[in-house]
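Breakdown of the fold
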Amino acid sequence: MRAYNLLKLTQRYGSPLTLVKTTTGAYDPSTGSAATTTKNYIFTGYLFNSEEGILLDDIRRGTSKCVIPALNLGVVPDDGDQVTGLGDTKNINRVQTYYSDGVSICYVCEVAE
């Protein structure tokens, strides 16, 4: 699907969502742990069920995808980040970036609970 079509889909049918990025700082030997920082980025995105999935004990468990516009987001989603909204929290498993003339237009993230 073209980046333009994905953006139009998001503009017409998108919902307010939040990208939750957690970063881990340097390891502190005195405490035995590393400090973590969480930052939220609010955006209008589009969540949809994909047809991919696996069959586990006669229950089809698939994944969802989330379209995140890259423009004005200010951050790149990574594996392990979370998307919250619509009463649910999903973990990002894979990120695919769509470009136009070398500029990031949107990210399509495979997400699962």
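All figures in this text were calculated on a predicted structure; none of them were measured in a lab.

1. Observations concerning helix α1 (residues 3–13)
Here α1 has its buried residues at A3, L6, L7 and T10. Buried positions in α1, seen along its axis, are confined to an arc of 100° and lie on one side of it. In this structure, α1 carries Y4, R12 and Y13 as exposed residues pointing more than 90 degrees from its buried face.

2. Comments concerning the nonpolar core
Counting 14 residues, the largest nonpolar core has L19, F43, C66, I68, L73 and V83 as its most contacted members. Breaking this core down by element, the ones donating at least two residues are β1 (15–28), β2 (33–56), β3 (59–69) and β6 (103–112). It is β6 that provides the largest number of residues to this core, a total of three residues. By size, the runner-up hydrophobic cluster in this structure holds eight residues, among which are A3, L7, I105 and V108.

3. Overview of the environment of L47
With respect to the helices and strands, the residue L47 is situated in strand β2. When the C-alpha positions of L47 and L86 are compared, they lie 9.4 Å apart, and in sequence the two are 39 residues distant. The contact partners of L47, leaving out residues within four places of it in the chain, are L17, K65, C66, L86, K90 and V111.

4. Section: the pairing of strand β4 (residues 82–85)
Moving residue by residue along a regular strand, the side chains alternate between the two faces of the sheet. Side chains V83 and G85 of β4 all project onto a buried face; the interleaved residues Q82 and T84 project onto a face where none is buried. Judged from the three bridges that link them, β1 and β4 form a sheet pairing that is antiparallel. By the bridge assignment, T18 is partnered in β4 with T84. Across four bridges, the pairing between β4 and strand β5 (residues 88–100) is antiparallel. Bridge pairing in β5 places V83 opposite K90. Counted between consecutive antiparallel strands, the loop separating β4 from β5 contains two residues, among which L86 sits at a positive phi close to 55°.

5. Side note on unusual backbone geometry
Most of the time, phi is negative for any residue but glycine, and the peptide bond is trans. Not every positive phi belongs to a glycine, and N72 is a case in point at roughly 65°. Relative to the assigned elements, N72 resides in the loop between β3 and β4. Judged by relative accessible area, N72 falls into the exposed class, the value being 84%. Unlike most non-glycine residues, D101 shows phi in positive territory, near 55°. In this structure, D101 sits in the loop between β5 and β6.

Conventions we followed
Residues numbered from 1 in each chain as written. Predicted model: local features only at pLDDT ≥ 70, side-chain atom pairs only at ≥ 80, totals over all residues. Heavy atoms only, no water. Buried < 20%, exposed > 50% of the residue type's maximum accessible area, 1.4 Å probe, protein only. Helix = DSSP H or I, 4+ residues; strand = E, 2+ residues; numbered from the N terminus. Arc of directions from axis to C-beta. Core = buried A, V, L, I, M, F, W, Y, C linked by side-chain atoms within 4.5 Å. Contact = heavy atoms within 4.5 Å. Pairing = 2+ DSSP bridges.

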